[in-house]
Amino acid sequence: MAELRTIAQSPTRKNELKSLQILRAIAAISVVYYHINAIPNFGTFGVDIFFVLSGFVIAMVLANRQPAYLFALNRIIRIVPLYWTLTTLLLAIALIAPQLLNSTTANFYNYAKSLFFIPYFKENGTLRPVLAVGWSLNYEMFFYLCVWTSILITKRHYLKLSCILVTLAYALFGFYSENRVVSAFFSNAEILEFLLGICAFKVHTSGYFSSLPKVIPAAIAIASYLFMIIAETLIHNLNELIVYGIPSFFLLLSMLNMEEVFSKSGNLAVDLFTSMGDASYATYLSHYYIIEAMRKIIYQKFDLINPYTPMGVLLILILSLLLGQLLYKFVDKPLLKFFKIRILPTTGR
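The structure presented is a predicted model; accordingly, all values stated were derived computationally and were not measured. (Residues numbered from 1 in each chain as written. Predicted model: local features only at pLDDT ≥ 70, side-chain atom pairs only at ≥ 80, totals over all residues. Heavy atoms only, no water.)

Colleague: How should I be thinking about the overall build of the protein chain in this particular structure?
Modeller: Broken down by element type, the protein chain carries 14 helices and zero strands. Taken from N to C terminus, the helices and strands of the protein chain fall in the order α-α-α-α-α-α-α-α-α-α-α-α-α-α. Counting only C-alpha atoms and orienting by the principal axes, one finds that the protein chain spans roughly 55 × 45 × 45 Å. The 349 residues of the protein chain split such that 51% are buried. In the protein chain, the share of contacts with a sequence separation of at least 24, taken over all contacts with a separation of at least 6, comes to 73%. (Helix = DSSP H or I, 4+ residues; strand = E, 2+ residues; numbered from the N terminus. Buried < 20%, exposed > 50% of the residue type's maximum accessible area, 1.4 Å probe, protein only. Contact = heavy atoms within 4.5 Å.)

Colleague: For this particular structure, what's the right way to read the packing of helix α9 (residues 215-234) against helix α10 (residues 240-257)?
Modeller: A pair of packed helices is characterised by two quantities: the angle between their axes and the separation of those axes. The N-to-C vectors of α9 and α10 enclose an angle of 155 degrees; their axes lie 8 Å apart at closest approach. Here α9 lies roughly antiparallel to α10, going by the angle between them. Relative to α10, α9 is oriented so that their crossing is left-handed. Residues P217, I220, A221, S224, Y225, F227, M228, A231 and E232 of α9 pack against V243, Y244, P247, S248, F250, L251, S254 and N257 of α10. Per-class residue counts for the contact of α9 with α10 are twelve nonpolar, four polar and one charged. (Axes fitted to C-alpha atoms, helices over the stretch in contact; angles between N-to-C directions. Parallel < 35°, antiparallel > 145°, perpendicular 65-115°, else oblique. Left-handed = near helix turned anticlockwise from the far one by under 90°. Nonpolar A, V, L, I, M, F, W, Y, C, P; charged D, E, K, R; others polar.)

Colleague: When you look at a nonpolar patch on the surface in this model, what are you seeing that I'm missing?
Modeller: A cluster of nonpolar side chains, contributed by I164, L168, L172, F173, F175 and Y176, occupies part of the molecular surface with about 670 Å² of accessible area. Summarising the element assignment, F175 is placed in helix α6 (residues 158-176). (Patch = residues over 30% accessible without salt bridge, like charges linked within 9 Å, V, L, I, M, F, W, Y side chains within 5 Å. Areas by Shrake-Rupley, 256 points an atom, 1.4 Å probe, with all protein chains shown as cover. Salt bridge = Lys/Arg side-chain N within 4 Å of Asp/Glu carboxyl O.)

Colleague: Just checking my understanding: could you explain the state of the cysteines for this structure?
Modeller: Here, the word disulfide means a covalent bond between the sulfur atoms of two cysteines. On inspection of all chains with the given rule, the structure shows zero disulfides. Free cysteine: C146, not disulfide-bonded; nearest cysteine sulfur from C163 at 9.8 Å. Lacking any disulfide linkage, C199 is separated from the closest cysteine sulfur, that of C163, by 6.1 Å. (Disulfide = S-S within 2.5 Å.)

Colleague: Would you mind going over the side chain of R78 with me for this structure?
Modeller: You can see R78 is positioned in helix α3 (residues 68-96). One buried charge, R78, has no salt-bridge partner; the nearest side chain with opposite charge is D332, at 9.3 Å. At 2.3 Å, the side chain of R78 forms a polar contact with the side chain of N74. (Lys, Arg positive; Asp, Glu negative; His and termini not counted. Polar contact = N/O pair within 3.5 Å; in protein donor to acceptor, adjacent residues only side chain to side chain.)

Colleague: Whenever I open this one, the packing of helix α13 (residues 280-299) against helix α14 (residues 310-343) confuses me. Can you help?
Modeller: Where α13 meets α14, the axes come as close as 8 Å, and the angle between the chain directions of the two elements is 130 degrees. In this view, α13 runs oblique relative to α14, as classed from their interaxial angle. When the axes of α13 and α14 are compared, the crossing they make is right-handed. Between α13 and α14, the residues in contact are Y281, A282, T283, S286, H287, I290, I291 and M294 and L315, I316, L319, S320, L321, L323, G324, L327, Y328 and D332, respectively. Considered class by class, the residues forming the contact of α13 with α14 number twelve nonpolar, five polar and one charged.

Colleague: Would you mind going over α3 with me for this structure?
Modeller: Each full turn of the α-helix corresponds to 3.6 residues, which orients residues three or four apart in the same direction. Between its first and last C-alpha, α3 extends 42 Å over 29 residues, near the 42 Å set by a 1.5 Å rise per residue. At V80, α3 shows its largest kink, close to 35 degrees, and the proline P81 lies no more than four residues downstream. (Expected span 1.5 Å × (residues − 1). Bend = angle between axes of the 7 residues up to and from the residue.)

Colleague: I tried to follow the packing of aromatic side chains on my own but got confused; where do I start?
Modeller: One pair of aromatic rings is described through two measures. These are the centre distance and the angle between the planes. Applying the stated criterion across every chain, the model contains 22 aromatic pairs. Measuring from centroid to centroid gives 4.9 Å for Y33 and F42, while their planes differ by 45 degrees, and the two rings are tilted. When the centroid spacing of 4.9 Å and the interplanar angle of 85 degrees are considered together, the rings of F185 and F186 count as edge-to-face. Residues F185 and F186 agree in their burial class; the two are buried. The rings of F51, F71, W135, Y139, F142, F143, Y144, F173, F185, F186 and F194 are connected pair by pair, giving a single aromatic cluster. (Phe/Tyr/Trp six-rings, centres within 6.5 Å; stacked < 30°, edge-to-face > 60°.)

Here it is in structure tokens:
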């Protein structure tokens, strides 16, 4: 997901919050598991965690008074290169081997809309771009547009204005637009989860809960995640903002409250999840390739491994995380470095 790239990434990693990276890893693993369609099926709330994270990270980035043009350039550089690369790869597959895909066709008009984050109803009637998981990036880009506009308008109250713009878009376009695409896009309550992230930043920086015994935020984090699993598994017709967004808010605050524990830990699990968090954007964008390869080639064509068995699920999770690491190291990071050097001024890198 895109907020995975919005945190200021220092080459020395000295400014990195391990709590955020670990939460990114948890969110990415949740989404991958959900898309496997194993039983029990849950994990769609991973996107909600990402949205709340995004609001928090943007508020954190803007605390450094980043100019509007640098904000826009940084967001584009961090999101676009890998997304365009994997979207183009999927278009190539649609041209060469369409039987490997479900509903995506080699439609260049839809391809262009996907590249520029313009929502549309694809061939199967869903509001999804060529690379299906990119639907969340459309919301990310809209949120960034609201923030960028707010920075241009006011130098002090840009976070408040951003919240107002997002809320107005949800209320007006979502429920009063006669355009089917516009109405479907903006009526999704998940768009308000970015605002929960901004609220989380305000609460966290206030220091109200920093003195809590660490067992309390640990218990809240576990309870929040388990609540989302139970809600998705047992309850239907959910309001994502309430059953996923609010628990994600408390999950994020709890993880941040345990930052000192994570930072001082030499635990291998902490390092592993931090590494998975680094690569979580690449994992999020690429995991469908692994899942569909397992389903349509390994299982359906060669009848080797059933992806719905515990072993199949575990293998998909491992391969998805490995692919994410490889893409992060050999594609995502080099692309980010390339465009940073050539586009950003020295002070904005």
